[in-house]
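# Residue-level structure breakdown
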Amino acid sequence: MQNKLIYGIILMVFSASCTAIGQAFWKMAVSGIYSWQLYVGFFLYGMGAILMIIAFRFGDLSVLHPLLSVGYVFAILIGVVFLNEKLTAMQVFGNILVISGAIMMGLSGYFDKERNRTS
C-alpha cells in the first residue's frame with residue numbers, strides 16, 4: 001500500500017515539473033500562435049495534467065494535491081536559470097517553506113497510512 005503512495009508522490013512531482021516547464025515555454029513563445037514554443041508548452045502542460053490524474057489513483061487528494069506546490073519551486077528555478085530572472089531573498093525563503101510543506105504533506109500521508117495499516 002505504501003508503494004502506491006510513493007508512486008503517487010513521484011507522479012505529482014513530475015506533473016508539477018511538466019506544468020512549470022510548459023509555462024516557461026509559453027513565456028518564451030514570442031511569435032504568438034505560430035511559435036513552436038507555444039505548442040511545446042501546451043504538450044508539457046497537458047502531460048502534467050495527465051500525470052496528475054494518474055497520480056490521484058495512488059493516494060489521497062489531501063496528500064497529493066498540495067504536492068503540486070513544488071511547481072512554484074520549479075518555475076522560479078526555470079526563471080532564474082533559463083530566463084535570466086533575478087531571485088530575491090524572499091523567494092528563496094518562500095521556496096524553502098514550499099519544499100518543507102511538500103515534504104511534510106508527503107510524510108504525513110505515508111505515516112498515516114502506515115499507522116492505519118498496523119492498527
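See the structure shown above.
Report follows, based on the coordinates. (Residues numbered from 1 in each chain as written. Predicted model: local features only at pLDDT ≥ 70, side-chain atom pairs only at ≥ 80, totals over all residues. Heavy atoms only, no water.)

### Considering the overall build of the protein
- On a plain count of helices and strands, the protein comes out with five helices and zero strands.
- When the elements of the protein are put in sequence order from the N terminus, they spell out α-α-α-α-α.
- Dimensions along the principal axes, computed over C-alpha positions, put the protein at roughly 60 × 35 × 15 Å.
- Residue pairs at least 24 apart in sequence account for 69% of intrachain contacts in the protein once pairs closer than 6 positions are excluded.
- Positive and negative charge centroids in the protein, built from 7 and 4 side chains respectively, lie 5 Å apart. (Helix = DSSP H or I, 4+ residues; strand = E, 2+ residues; numbered from the N terminus. Contact = heavy atoms within 4.5 Å. Lys, Arg positive; Asp, Glu negative; His and termini not counted. Charge placed at Lys NZ, Arg CZ, Asp CG, Glu CD.)

### Notes on helix 4 (residues 70-82)
- End to end, helix 4 covers 18 Å across 13 residues, agreeing with the expected 18 Å (1.5 Å per residue, within 8%).
- Among the residues making up helix 4, those that are buried are Val 70, Gly 71, Val 73, Ile 78 and Gly 79.
- Of the residues trailing helix 4, Asn 84 is marked for its positive phi of about 55°. (Expected span 1.5 Å × (residues − 1). Buried < 20%, exposed > 50% of the residue type's maximum accessible area, 1.4 Å probe, protein only.)

### Considering the side chain of Ser 35
- Positionally, Ser 35 belongs in the loop between helix 1 (2-28) and helix 2 (36-55).
- A relative accessible area of 2% places Ser 35 in the buried class.
- At a separation of 2.4 Å, a polar atom in the side chain of Ser 35 contacts the side chain of Gln 37.
- Here Ser 35 is in contact with Ala 29 and Val 30, once residues within four sequence places are set aside. (Polar contact = N/O pair within 3.5 Å; in protein donor to acceptor, adjacent residues only side chain to side chain.)

### Quick notes on the nonpolar core
- Core analysis: the biggest nonpolar cluster contains 12 residues, these being Leu 5, Leu 11, Met 12, Ala 16, Cys 18, Leu 51, Ala 55, Val 63, Leu 64, Leu 67, Val 70 and Ala 102.
- Only helix 1, helix 2 and helix 3 (61-64) provide two or more residues apiece to this core.
- When residues no more than four places from it in sequence are discounted, the contact partners of Leu 64 are Leu 5, Gly 8, Ile 9, Met 12, Ala 55, Phe 56, Phe 58 and Gly 59. (Core = buried A, V, L, I, M, F, W, Y, C linked by side-chain atoms within 4.5 Å.)

### Here we look at the packing of aromatic side chains
- Applying the stated criterion to the full structure yields five aromatic pairs.
- Both rings, one in Tyr 7 and one in Phe 58, keep their centres 6.1 Å apart while their planes meet at 75°; by these two values the pair is edge-to-face. Here Tyr 7 is found in helix 1, whereas its partner Phe 58 is found in the loop between helix 2 and helix 3, with 51 residues between them in sequence. (Phe/Tyr/Trp six-rings, centres within 6.5 Å; stacked < 30°, edge-to-face > 60°.)

### Quick notes on the side chain of Ser 15
- Of note, Ser 15 is situated in helix 1.
- One polar contact links the side chain of Ser 15 to the main-chain carbonyl oxygen of Gly 48, over a distance of 2.6 Å.
- For Ser 15, the contacting residues outside a window of four places in its chain are Gly 48, Leu 51, Met 52 and Leu 68.

### Considering the packing of helix 1 against helix 2
- Between helix 1 and helix 2, whose axes approach to 7 Å, the crossing angle comes to 165°. Accordingly, the angle class assigned to the pair helix 1 and helix 2 is roughly antiparallel. Seen from above, helix 1 lies across helix 2 with left-handed handedness.
- A per-class count over the contact of helix 1 with helix 2 returns 19 nonpolar, eight polar and no charged. (Axes fitted to C-alpha atoms, helices over the stretch in contact; angles between N-to-C directions. Parallel < 35°, antiparallel > 145°, perpendicular 65-115°, else oblique. Left-handed = near helix turned anticlockwise from the far one by under 90°. Nonpolar A, V, L, I, M, F, W, Y, C, P; charged D, E, K, R; others polar.)

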